[in-house]
Amino acid sequence: MQFVAFERAKQGTGASRRLRITGRAPGIVFGGDTTPVTIEVDHNALWHALKKEAFHASILDMELAGKVQKVLLRDVQYHPYKPQVLHVDFQRVDEKTRLHKKVPIHFVGEENSPAVKTDKCLVNHIVTEIEIECLAMQLPEFIEVDLSAAEKGATIHTGDLKLPAGVKIVTHGRKDITIATVVEPVEEVVAAPVVAAADDKKKGKGKK
(Lines give C-alpha, C1' and ligand atoms only; values in the text may rest on other atoms or scores of the structure.)
Protein backbone atom coordinates (compact mmCIF):
# COMPACT_ATOMS: atom_id res chain seq x y z
CA MET A 1 0.00 0.00 0.00
CA GLN A 2 1.19 3.51 -0.78
CA PHE A 3 0.39 6.86 0.78
CA VAL A 4 1.67 10.43 0.55
CA ALA A 5 3.17 12.37 3.47
CA PHE A 6 4.48 15.93 3.72
CA GLU A 7 7.21 17.36 5.89
CA ARG A 8 5.83 19.32 8.82
CA ALA A 9 7.59 22.61 9.56
CA LYS A 10 5.83 23.70 12.73
CA GLN A 11 5.77 21.54 15.86
CA GLY A 12 4.14 21.68 19.26
CA THR A 13 0.65 21.17 20.69
CA GLY A 14 -0.79 24.36 19.20
CA ALA A 15 0.63 23.65 15.75
CA SER A 16 -0.73 20.09 15.83
CA ARG A 17 -4.18 21.35 16.84
CA ARG A 18 -4.24 23.86 13.96
CA LEU A 19 -3.05 21.12 11.61
CA ARG A 20 -5.96 18.86 12.55
CA ILE A 21 -8.42 21.69 11.92
CA THR A 22 -7.17 21.84 8.31
CA GLY A 23 -7.87 18.13 7.79
CA ARG A 24 -4.33 16.88 8.32
CA ALA A 25 -2.94 14.45 10.92
CA PRO A 26 0.49 15.01 12.48
CA GLY A 27 3.03 12.21 12.63
CA ILE A 28 6.65 11.20 12.63
CA VAL A 29 8.85 8.80 10.68
CA PHE A 30 11.96 7.42 12.34
CA GLY A 31 14.53 4.64 12.05
CA GLY A 32 17.29 3.72 9.65
CA ASP A 33 20.34 5.92 9.17
CA THR A 34 18.28 9.10 8.79
CA THR A 35 17.17 11.44 11.55
CA PRO A 36 13.48 11.40 12.54
CA VAL A 37 11.25 13.65 10.42
CA THR A 38 7.96 15.17 11.54
CA ILE A 39 5.28 14.69 8.90
CA GLU A 40 1.62 15.35 8.16
CA VAL A 41 -0.83 13.24 6.17
CA ASP A 42 -4.35 13.73 4.87
CA HIS A 43 -6.60 12.76 7.77
CA ASN A 44 -9.47 11.25 5.79
CA ALA A 45 -7.16 9.13 3.65
CA LEU A 46 -5.33 7.96 6.77
CA TRP A 47 -8.59 7.22 8.61
CA HIS A 48 -9.83 4.97 5.80
CA ALA A 49 -6.43 3.28 5.45
CA LEU A 50 -6.39 2.46 9.15
CA LYS A 51 -9.60 0.45 8.71
CA LYS A 52 -7.70 -1.96 6.44
CA GLU A 53 -5.89 -4.80 8.14
CA ALA A 54 -3.00 -4.68 5.66
CA PHE A 55 -2.16 -1.10 6.66
CA HIS A 56 -1.35 -2.30 10.18
CA ALA A 57 0.66 -5.42 9.33
CA SER A 58 2.52 -4.89 6.08
CA ILE A 59 5.36 -2.83 4.64
CA LEU A 60 4.03 0.46 3.25
CA ASP A 61 5.37 2.77 0.54
CA MET A 62 5.46 6.31 1.88
CA GLU A 63 6.04 9.08 -0.66
CA LEU A 64 7.80 11.98 1.06
CA ALA A 65 9.45 14.94 -0.73
CA GLY A 66 9.29 13.11 -4.05
CA LYS A 67 10.97 9.94 -2.73
CA VAL A 68 9.38 6.64 -1.75
CA GLN A 69 10.46 5.05 1.51
CA LYS A 70 9.59 1.65 2.96
CA VAL A 71 7.90 2.15 6.32
CA LEU A 72 5.90 0.24 8.91
CA LEU A 73 3.06 1.62 11.00
CA ARG A 74 4.23 1.60 14.61
CA ASP A 75 1.69 3.56 16.66
CA VAL A 76 -1.58 5.43 16.31
CA GLN A 77 -3.12 7.75 18.88
CA TYR A 78 -6.87 8.26 18.60
CA HIS A 79 -9.09 10.92 20.15
CA PRO A 80 -10.92 9.40 23.15
CA TYR A 81 -14.38 9.95 21.65
CA LYS A 82 -14.11 11.75 18.30
CA PRO A 83 -13.42 9.85 15.05
CA GLN A 84 -10.03 11.51 14.82
CA VAL A 85 -6.38 10.47 14.64
CA LEU A 86 -4.25 12.60 16.95
CA HIS A 87 -0.83 11.30 15.93
CA VAL A 88 0.74 8.51 13.89
CA ASP A 89 4.22 6.96 13.98
CA PHE A 90 6.02 5.17 11.14
CA GLN A 91 9.33 3.31 11.18
CA ARG A 92 11.69 3.21 8.20
CA VAL A 93 12.68 -0.33 7.24
CA ASP A 94 14.92 -2.05 4.72
CA GLU A 95 16.04 -5.60 3.91
CA LYS A 96 18.30 -5.64 7.01
CA THR A 97 15.71 -4.41 9.52
CA ARG A 98 14.65 -7.07 12.01
CA LEU A 99 11.20 -6.67 13.51
CA HIS A 100 9.12 -7.76 16.47
CA LYS A 101 5.52 -7.23 15.37
CA LYS A 102 2.05 -8.48 16.20
CA VAL A 103 0.16 -9.78 13.17
CA PRO A 104 -3.46 -10.98 12.92
CA ILE A 105 -4.45 -14.63 12.82
CA HIS A 106 -6.84 -15.84 10.12
CA PHE A 107 -8.78 -19.01 10.94
CA VAL A 108 -9.87 -20.99 7.88
CA GLY A 109 -11.62 -24.28 7.16
CA GLU A 110 -13.36 -24.81 10.51
CA GLU A 111 -16.81 -25.15 8.92
CA ASN A 112 -15.51 -28.16 6.93
CA SER A 113 -13.72 -29.84 9.85
CA PRO A 114 -14.98 -33.16 11.29
CA ALA A 115 -15.43 -31.42 14.63
CA VAL A 116 -17.88 -28.85 13.29
CA LYS A 117 -19.41 -30.65 10.31
CA THR A 118 -19.92 -34.06 11.93
CA ASP A 119 -19.80 -33.59 15.70
CA LYS A 120 -21.40 -30.09 15.77
CA CYS A 121 -18.62 -28.79 18.01
CA LEU A 122 -17.71 -25.16 18.61
CA VAL A 123 -14.30 -23.65 17.90
CA ASN A 124 -13.07 -21.08 20.40
CA HIS A 125 -10.55 -18.60 18.99
CA ILE A 126 -8.35 -17.99 22.05
CA VAL A 127 -6.08 -15.41 20.41
CA THR A 128 -6.64 -13.31 17.29
CA GLU A 129 -3.10 -11.97 16.86
CA ILE A 130 0.39 -13.24 17.58
CA GLU A 131 3.78 -11.59 17.99
CA ILE A 132 6.42 -12.66 15.51
CA GLU A 133 10.07 -11.92 14.74
CA CYS A 134 11.38 -11.65 11.19
CA LEU A 135 13.16 -9.46 8.69
CA ALA A 136 11.02 -6.54 7.51
CA MET A 137 10.76 -7.83 3.97
CA GLN A 138 9.56 -11.22 5.24
CA LEU A 139 6.73 -9.73 7.30
CA PRO A 140 3.46 -11.58 6.57
CA GLU A 141 0.18 -9.65 6.61
CA PHE A 142 -1.32 -12.47 8.71
CA ILE A 143 -0.72 -16.00 9.95
CA GLU A 144 -3.19 -18.57 8.64
CA VAL A 145 -4.50 -21.34 10.88
CA ASP A 146 -6.07 -24.23 8.96
CA LEU A 147 -8.77 -25.93 11.03
CA SER A 148 -10.14 -28.17 8.28
CA ALA A 149 -8.75 -31.31 9.96
CA ALA A 150 -9.71 -30.35 13.53
CA GLU A 151 -11.47 -33.06 15.52
CA LYS A 152 -13.59 -33.06 18.68
CA GLY A 153 -11.56 -32.11 21.75
CA ALA A 154 -8.60 -30.80 19.77
CA THR A 155 -6.40 -27.94 20.98
CA ILE A 156 -4.30 -25.96 18.52
CA HIS A 157 -1.04 -24.48 19.81
CA THR A 158 1.59 -22.19 18.31
CA GLY A 159 3.72 -25.28 17.69
CA ASP A 160 1.07 -26.53 15.25
CA LEU A 161 1.27 -23.46 13.02
CA LYS A 162 2.91 -23.50 9.61
CA LEU A 163 4.95 -20.30 9.48
CA PRO A 164 6.37 -18.55 6.41
CA ALA A 165 10.10 -18.83 5.83
CA GLY A 166 12.19 -16.76 8.24
CA VAL A 167 9.31 -16.10 10.65
CA LYS A 168 9.52 -17.05 14.33
CA ILE A 169 6.87 -16.73 17.03
CA VAL A 170 7.78 -14.69 20.10
CA THR A 171 6.46 -16.49 23.20
CA HIS A 172 8.10 -14.37 25.96
CA GLY A 173 9.07 -17.47 27.91
CA ARG A 174 5.83 -19.36 27.51
CA LYS A 175 6.23 -22.88 26.14
CA ASP A 176 3.34 -23.30 23.73
CA ILE A 177 0.58 -20.72 23.41
CA THR A 178 -2.95 -22.03 22.87
CA ILE A 179 -4.46 -20.63 19.66
CA ALA A 180 -7.84 -22.37 19.55
CA THR A 181 -9.83 -25.12 21.24
CA VAL A 182 -12.58 -27.39 19.97
CA VAL A 183 -15.37 -28.06 22.46
CA GLU A 184 -18.62 -30.01 22.35
CA PRO A 185 -21.82 -27.94 22.35
CA VAL A 186 -23.55 -27.61 25.71
CA GLU A 187 -27.01 -29.17 25.71
CA GLU A 188 -29.71 -26.95 27.14
CA VAL A 189 -31.81 -28.48 29.91
CA VAL A 190 -35.38 -27.15 29.85
CA ALA A 191 -36.81 -26.97 33.36
CA ALA A 192 -40.53 -27.55 33.99
CA PRO A 193 -42.41 -24.27 34.49
CA VAL A 194 -42.93 -23.49 38.19
CA VAL A 195 -46.48 -22.20 37.57
CA ALA A 196 -47.54 -25.43 35.91
CA ALA A 197 -46.19 -27.45 38.84
CA ALA A 198 -48.14 -25.30 41.31
CA ASP A 199 -51.37 -25.77 39.32
CA ASP A 200 -50.95 -29.55 39.42
CA LYS A 201 -50.70 -29.46 43.20
CA LYS A 202 -53.94 -27.45 43.47
CA LYS A 203 -55.77 -29.93 41.24
CA GLY A 204 -54.59 -32.79 43.40
CA LYS A 205 -55.94 -31.18 46.57
CA GLY A 206 -59.36 -30.56 44.97
CA LYS A 207 -59.84 -34.24 44.17
CA LYS A 208 -59.52 -35.22 47.82
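Above this text sits the structure in question.
Just so you know, these numbers come straight off a predicted model, no measurement behind them.

Q: Please explain the sheet that holds strand β6 (residues 85-92) as it appears in this structure.
A: Think of a sheet as strands paired side by side through backbone hydrogen bonds, with each pair either parallel or antiparallel. Strand order around the closed barrel formed by six strands is β1-β3-β2-β6-β5-β4, with mixed pairing between neighbours. Here the average twist between neighbouring strands, direction ignored, is 45 degrees. One ladder, built from four bridges, connects strand β1 (residues 2-7) with strand β4 (residues 60-64); its direction is parallel. Bridged to F3 within β4 is M62. Helix-sheet contacts for helix α2 (residues 43-50) involve β2 (24-30), β3 (37-42), β5 (67-78) and β6, and the interaxial angle to β3 is about 85 degrees.

Q: Please clarify how the nonpolar core should be interpreted in this entry.
A: Nonpolar side chains tend toward joint burial in soluble globular proteins. If you look at the biggest cluster of nonpolar residues, it comprises 28 residues, and the most contacted ones within it are I130, L139, V145 and I179. For this core, the elements supplying multiple residues, two or more each, are β7 (98-108), β9 (129-135), β10 (143-146) and β13 (178-183). Per element, the largest residue contribution to this core is four residues, and it comes from β7. Not counting residues up to four positions away in its chain, the partners in contact with L139 are A57, S58, I59, L72, L99, K101, V103, I132 and C134.

About the criteria used
Residues numbered from 1 in each chain as written. Predicted model: local features only at pLDDT ≥ 70, side-chain atom pairs only at ≥ 80, totals over all residues. Heavy atoms only, no water. Pairing = 2+ DSSP bridges. Helix = DSSP H or I, 4+ residues; strand = E, 2+ residues; numbered from the N terminus. Axes fitted to C-alpha atoms, helices over the stretch in contact; angles between N-to-C directions. Contact = heavy atoms within 4.5 Å. Core = buried A, V, L, I, M, F, W, Y, C linked by side-chain atoms within 4.5 Å. Buried < 20%, exposed > 50% of the residue type's maximum accessible area, 1.4 Å probe, protein only.

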